[in-house]
There are 2 protein chains.
Amino acid sequence: MLITQLVKARGDRLTATDRRLVAVLQAQPAEAAFWYAAELTEPLGLHQSAATRMAQRLGFDGYPQLRDALRQDYLAGDGPSQRVRGLLERHPDDVLRGFVDDEVAALSALPQHVAQAELDDLAAQIVAAGHVYLFAQGNAAVLADLLARRLRRFGMRSTVLTGADRELAERLSALQPGDLLLACAFRRVPSALAPVLEIAASGGAFTALITDTLLTLSPQPDVILAAPRGGDDYLSLTVPMAIANALVLTIARQAPEQSIGSLDHLGALLERFAR
Amino acid sequence: MLITQLVKARGDRLTATDRRLVAVLQAQPAEAAFWYAAELTEPLGLHQSAATRMAQRLGFDGYPQLRDALRQDYLAGDGPSQRVRGLLERHPDDVLRGFVDDEVAALSALPQHVAQAELDDLAAQIVAAGHVYLFAQGNAAVLADLLARRLRRFGMRSTVLTGADRELAERLSALQPGDLLLACAFRRVPSALAPVLEIAASGGAFTALITDTLLTLSPQPDVILAAPRGGDDYLSLTVPMAIANALVLTIARQAPEQSIGSLDHLGALLERFAR
DNA sequence: CGCTCAATGCAAGTGAGTTTGCATCTAGCG
DNA sequence: CGCTAGATGCAAACTCACTTGCATTGAGCG
């Protein structure tokens, strides 16, 4: 994309305000191609001259010249005609486009498979839980890591359960009634999942599972959030990660004082490190 | 299409010249939405006032009003911003739906920001590299982990660079010419990034960066793959993860015997564990 | 054949959008 | 702490696209 190339080449001259404007141009290329300077700057509370100066810092005579360039770029590369072409004939060489198409399709379908009400339920359980255990094996481990990071930011305590059996058993030995186990597993059932679920359930913990197709397990988790992933051969974590993110957002919504307060606390701690 | 509707309704008042102009508007709706009156009329050897008068005969105050209508019609119908419509009617309580909308929008735009050719270049460098160093801090660390896992499956050696300065320095001490550094950084520049890039570059390594907005760094990486992430407040890793996945797929495509062979090898090893 | 009306080109006038000099403010630096 | 350089807002000046009155042309019609 032209605007990205321009920033790569001349970005060192840009100010913070310029970058805010550029971000808008990147996010809304079609609309921005029509805008006057004021239409670009006013939503950001900036004067229209900011647009002129950003354009000049990017090497153009003025803002209209930048806009012309954006129009050309938009019509040449990303115009609607190109788009339709893209959807019809699959791109044999464009791995990125093909992959993105699959991912978008899978992601768009996610709300049909997971209801907000289910997220609300699980979020409430997590907010109420004493300690959260996150189980994952293999690639799914990055999901558990991500969830652990986000929960930590909210001031919630969690333990990531990864690795071999002995490791798992050790970590689970601290489990108490009122705790919660959230497992992430895809395609195949990890051999450790059944015992972990059993231990958690018999220990009085609430159990939940984020998965793609693993709908029948024994013991059955209390909550299952399941949505198919896109693509056939290469399975990404986009869809389950979206579930995880939406879950985090739902938690933040349910316990705003706790989550926001924790972020403030985090900021204060960070400043003490910066000294 | 709007212009067709207008002619149906008011076409009886149009002159022969008007119809020639309308035909151009119908044939090139995307381009015409940008044109000044003169740009529309001059290719036909007509004066710009012809545009004004055609617009008036179609019921508009003047030519700019007609053009605005064409733009609206273009953006609403054929344009890529049907997603904007989805973003307007926001779901206040459905966190999942809102989040998915943002993510789909950002992901759809990804191919506009990163070209397959760029992925091809970087993939070739990675295939040729002796050792791959993956740098990431904070949330981005999950990305580095994911890349490390995928590369490992292809039989490529990699080192994840996370954590504090001393740790980084130790790991980097093994860096050799012909190695490759792939950094992941978003929104803010991690303080360790500049020295790491410097060390890698001066050590003869190829340097690359996956990012959202960090386009200007010193030293500048050899390759930058940049695409904005969706949403305003909550920034997910969906878009950068898609870049990473597409990169992995591109590598697999470029070095099929190596990547597939490694997977076979992995399967054989797994069986020996299962015994 | 000449009259009338509508269409079109021309060019001056108008107004919206853009640029730019100036003043203010902030951050970096000695 | 004061100084300098750069960034930003403001407002006047300016540019340029658009409109409109007028003149010309051509077609239709008595």
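These remarks concern the structure in this document.

Criteria and thresholds
Residues numbered from 1 in each chain as written. Chains lettered and ligands numbered in written order. Predicted model: local features only at pLDDT ≥ 70, side-chain atom pairs only at ≥ 80, totals over all residues. Heavy atoms only, no water. Core = buried A, V, L, I, M, F, W, Y, C linked by side-chain atoms within 4.5 Å. Buried < 20%, exposed > 50% of the residue type's maximum accessible area, 1.4 Å probe, protein only. Contact = heavy atoms within 4.5 Å. Near = heavy atom within 4 Å. Polar contact = N/O pair within 3.5 Å; in protein donor to acceptor, adjacent residues only side chain to side chain. Helix = DSSP H or I, 4+ residues; strand = E, 2+ residues; numbered from the N terminus. Nonpolar A, V, L, I, M, F, W, Y, C, P; charged D, E, K, R; others polar. Buried area = accessible area lost by both parts, 1.4 Å probe. Salt bridge = Lys/Arg side-chain N within 4 Å of Asp/Glu carboxyl O. Phe/Tyr/Trp six-rings, centres within 6.5 Å; stacked < 30°, edge-to-face > 60°. Pairing = 2+ DSSP bridges. Axes fitted to C-alpha atoms, helices over the stretch in contact; angles between N-to-C directions. Parallel < 35°, antiparallel > 145°, perpendicular 65-115°, else oblique. Left-handed = near helix turned anticlockwise from the far one by under 90°.

1. Remarks on the nonpolar core
- Judged by nonpolar contacts, the single largest core of 96 residues is most densely connected at L110(A) and L110(B).
- Sequence-distant contacts of L110(B), defined by excluding residues within four places in its chain, comprise L96(A), V100(A), A227(B), V239(B), A242(B) and I243(B).
- Counting 44 residues, the second-largest nonpolar core is a separate cluster that includes A32(A), L161(B), L175(B) and A200(B).

2. So, the protein's contact with DNA strand C
- Contacts to DNA strand C come from 20 residues, most closely from Q48(A), T52(A), R53(A), G62(A) and T17(B).
- Of all atoms in DNA strand C that approach within 4 Å of the protein, 61% are sugar or phosphate atoms.
- A distance of 2.9 Å separates a phosphate oxygen of DNA strand C from a polar side-chain atom of Q56(A).
- T15(B) is positioned such that a nitrogen or oxygen atom in its side chain is 3.2 Å from a phosphate oxygen of DNA strand C.
- Put simply, the parts of the chain that give the surface near DNA strand C at least two residues each are α5 (49-57) and α6 (63-78) of chain A together with α5 (49-57) of chain B.
- Counted by class, the surface near DNA strand C contains five nonpolar, eleven polar and four charged residues.

3. Points about the protein's contact with DNA strand D
- Neighbouring DNA strand D are 21 residues; T17(A), T52(B), R53(B), G62(B) and Y63(B) lie closest to it.
- The contact atoms of DNA strand D, taken as those within 4 Å of the protein, divide so that sugar and phosphate hold 62%.
- In this structure, a phosphate oxygen belonging to DNA strand D sits 2.8 Å away from a main-chain N or O atom of Y63(B).
- Breaking the surface near DNA strand D down by element, the ones donating at least two residues are α5 of chain A together with α4 (37-41), α5 and α6 (63-76) of chain B.
- Its residues assigned to classes, the surface near DNA strand D comprises six nonpolar, eleven polar and four charged.

4. Brief notes about the interface of chain B and chain A
- If you look at the interface, chain B gives 62 residues, while chain A gives 62 residues.
- At the boundary of chain B with chain A, total buried surface from both sides reaches about 5800 Å², with 63% on carbon and sulfur atoms.
- In this structure, the connection of chain B to chain A is made through one salt bridge.
- Here K8(A) and E118(B) are joined by a salt bridge, their closest N and O atoms 3.2 Å apart.
- Where chain B touches chain A, the interface holds eleven residue pairs in polar contact (both at pLDDT 80 or more).

5. With respect to the packing of aromatic side chains
- As enumerated under the stated definition, the model contains one aromatic pair over all chains in all.
- A ring pair is formed by F34(A) and F34(B), whose centres lie 4.6 Å apart and whose planes are at 15 degrees; its orientation type is stacked. Taken together, the positions of F34(A) in the loop between α3 (29-32) and α4 (37-41) and F34(B) in the loop between α3 (29-32) and α4 put the pair across two chains.
- On the basis of relative accessible area, F34(A) is assigned to the buried category, the value being 6%.

6. A closer look at the sheet that holds strand β5 (residues 223-226) of chain A
Residue and element names in this part refer to chain A.
- With parallel pairing, five strands are arranged side by side in an open sheet as β2-β1-β3-β4-β5. Edge positions in the sheet fall to β2 (158-161) and β5, since each has one partner strand and no second. Averaged over all adjacent pairs, the angle separating strand axes in this sheet is 15 degrees, with direction ignored.
- Judged from the six bridges that link them, strand β3 (residues 180-185) and strand β4 (residues 206-211) form a sheet pairing that is parallel. Within β4, the position partnered with A185 by the bridge is T211.

7. With respect to the packing of helix α8 (residues 95-113) of chain A against helix α13 (residues 238-254) of chain B
- Interhelical geometry of α8(A) versus α13(B) gives an angle of 130 degrees and a closest axis separation of 9 Å. One way to sum up the angle between α8(A) and α13(B) is to call them oblique. Every pair of crossing elements has a handedness; the one defined by α8(A) and α13(B) is right-handed. On α13(B), the residues that touch V95(A), L96(A) and F99(A) of α8(A) are A242(B), N245(B), A246(B), L249(B), T250(B) and R253(B).

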